[in-house]
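Understanding the architecture of this molecule
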Amino acid sequence: MYDVVLLTLGSERDAPGGCGSGGACCGGAAETDTAPTSQTDTSPTSQVDTDQVDTDQVDGDTERCTTERPRVPVLACADALNTRGARVEMVTARSDAEIDAVLARLDGPARPDGLTWPDPDGKTRLVVATASDGQLRAVLRRLVRRYAPAPSRRPADLPGDRTLPDLPPVAVLPLDPARGGTQRDLAAQLGLPRDPAAVAAAVLDGTPRRLDLLRNDAGSVTLDGALLGAADDAGRPLQWRARVEVDDTILTDGDEPLLACAVGNAGGYATLDDVTLLTAPDPADGQIEVAVAVPVVVRSALGRKRVRLEVRRARGRAVSVLPREGKVPYLDDGVEGELTRKRSWWVEPGAWAVWSS
């Protein structure tokens, strides 16, 4: 029978991003990442400009710890797993180091090349209890940092279109029932079970469903997508400028105003108000869908001016966004940040997986 770890992130449920969303957690000292992986590389290609580090890596000092007991869904899931004979341990992680200690249980045998690698035949299964997509992203980010080899240590058995191995499957236990309705978190988008007993059944009887992962050059990851842009106090979109490229396609060169840019792996940012940005985001097709919303002034037959919103879309393996002026606010898996320099996302096909019934 399996050992199952029920992992809860120990920040208050409404804290921005959730515990573990950055290098610091629950008031701890923030760390500055200098490399996108944890498997040491001293080559110049492994260095990341500290100004590029994602906001979710340095906002941990705004979060507060909590000593509340495990939430009801966690206890119910543990009961269901125990009933089936699984050995269950409930862990509350209040720092990245505590998350890493849990993830170390998923390590495989030592390799001749010395790389830390996941165990494809491991008997330990991980359930992540999440109050937000940002918390799930926090755990996946630590998985990537644990198992992604540095460029100079890339092994021969790594697929040519990937920078990391198949990450161990995780089960998702949503803690917010409402997010399965109108707000639709990632678990709802993927059709994953929300009932604790059904989650337990997926862990013990289900199969891994492999999904694409977006990595970026700030050392973080994206599971659902990102939405760039902002609105004023009255809710009106603010204009900004940036060069947006998808593979070899230029959606905008930065000379014209934008109202929004959506980077989609799944469909969380497919629409903005009543405007469709992304038409067919698929988290398992090996591509990123990107859209920009451009206000265009047109004249009627009577010569009157009006503004029409033009949505341009492209699909590819990678996207870059280069702001032309000031700071561009964004949401990435629900975590807020500001983009001041070029940011690139690229897809890792089938890199992560969820237990699905």
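Please refer to the structure higher up on the page.
Description of the structure in this document. (Residues numbered from 1 in each chain as written. Predicted model: local features only at pLDDT ≥ 70, side-chain atom pairs only at ≥ 80, totals over all residues. Heavy atoms only, no water.)

Turning our eyes to something else, we now look at the overall build of the chain. Helices and strands together make up the secondary structure of the chain, namely 5 helices and 18 strands. In the chain, buried positions account for 52% of the 357 residues. On the chain, roughly 15,700 Å² of surface is accessible, and the fraction owed to carbon and sulfur atoms is 49%. (Helix = DSSP H or I, 4+ residues; strand = E, 2+ residues; numbered from the N terminus. Buried < 20%, exposed > 50% of the residue type's maximum accessible area, 1.4 Å probe, protein only. Areas by Shrake-Rupley, 256 points an atom, 1.4 Å probe, with all protein chains shown as cover.)

Attention now moves to the packing of helix α2 (residues 96-103) against helix α3 (residues 133-147). Running from N to C, α2 and α3 point in directions that differ by 65°, and their axes come no closer than 10 Å. With respect to α3, the axis of α2 lies roughly perpendicular. Crossing of α2 against α3: the hand is right-handed. Each of D96, I99, D100 and L103 in α2 lies in contact with α3, whose residues at this interface are V139, R141, R142, L143, R146 and Y147. (Axes fitted to C-alpha atoms, helices over the stretch in contact; angles between N-to-C directions. Parallel < 35°, antiparallel > 145°, perpendicular 65-115°, else oblique. Left-handed = near helix turned anticlockwise from the far one by under 90°. Contact = heavy atoms within 4.5 Å.)

It is worth spelling out the sheet that holds strand β10 (residues 260-264) at this point. Strand order in the open sheet formed by 6 strands is β14-β13-β10-β7-β16-β17, with antiparallel pairing between adjacent strands. Since the sheet does not close on itself, it has two edges, and those belong to β14 (305-316) and β17 (335-339), each with one partner. Between one strand axis and the next, the sheet turns by 20° as a mean value, whatever way the strands run. For strand β16 (residues 328-332) and β17, the ladder comprises 5 bridges, and the chain directions are antiparallel. Bridging from a neighbouring strand, L331 pairs with E336 of β17. (Pairing = 2+ DSSP bridges.)

Before going further, it helps to spend a moment on the pairing of strand β4 (residues 170-174). Among the 5 residues that make up β4, 5 are buried, leaving the element largely enclosed by the rest of the structure. Side chains V170, V172 and P174 of β4 all project onto a buried face; the interleaved residues A171 and L173 project onto the opposite face, where all are buried too. The pairing of strand β3 (residues 124-130) with β4 spans 5 bridges and is parallel. Residue pairing across strands places A129 opposite L173, the latter belonging to β4.

This next bit is on the pattern of salt bridges. In this structure the tally under the stated criterion is 21 salt bridges. Between D157 and R111 there is a salt bridge, with its nearest N and O atoms 3.2 Å apart. Here the residue D157 occupies a position in the loop between α3 and β4, and R111 occupies one in the loop between α2 and β3, the gap between them amounting to 46 residues. Of the charged contacts, one joins R194 and D185 as a salt bridge, the two residues approaching to 3.0 Å between their closest N and O atoms. Look at the salt bridges and you will find they share partners, linking E256, R308, E310 and R312 into a network. (Salt bridge = Lys/Arg side-chain N within 4 Å of Asp/Glu carboxyl O.)

This part is about the packing of helix α1 (residues 72-83) against helix α5 (residues 196-205). Put simply, α1 and α5 touch, their axes get as near as 8 Å, and they point 45° apart. In terms of orientation, α1 lies oblique with respect to α5. Handedness of the α1/α5 crossing: right-handed. Two secondary-structure elements touch here, α1 through P73, A76, C77, A80 and L81 and α5 through P196, A197, V199, A200, V203 and L204. Residue composition of the contact of α1 with α5, grouped by class: 11 nonpolar, no polar and no charged. (Nonpolar A, V, L, I, M, F, W, Y, C, P; charged D, E, K, R; others polar.)

Moving on, we get to the packing of aromatic side chains. A complete count under the given rule lists 0 aromatic pairs for this structure. In this structure, R111 is placed above the aromatic ring of W117, and the distance from its NZ or CZ to the ring centre is 4.3 Å. Positioned above the aromatic ring of Y2, the side-chain terminus of R125 is 3.7 Å from the ring centre. (Phe/Tyr/Trp six-rings, centres within 6.5 Å; stacked < 30°, edge-to-face > 60°. Lys NZ or Arg CZ within 6 Å of the ring centre and 35° of its normal.)

Right, let's talk about α3 for a bit. With 15 residues, α3 extends 21 Å between its outermost C-alpha atoms, agreeing within 8% with the 21 Å of an ideal straight helix rising 1.5 Å per residue. The element α3 is largely enclosed, with a buried count of 15 among its 15 residues. (Expected span 1.5 Å × (residues − 1).)

As a further point, take the side chain of R162. Mapped onto the elements, R162 comes out in the loop between α3 and β4. Look at R162 and you get buried, because its relative accessible area is 6%. A polar contact of 2.8 Å, which involves the side chain of R162, links it to the backbone oxygen of P349. For R162, the contacting residues outside a window of four places in its chain are R154, E348, P349, G350 and A351. (Polar contact = N/O pair within 3.5 Å; in protein donor to acceptor, adjacent residues only side chain to side chain.)

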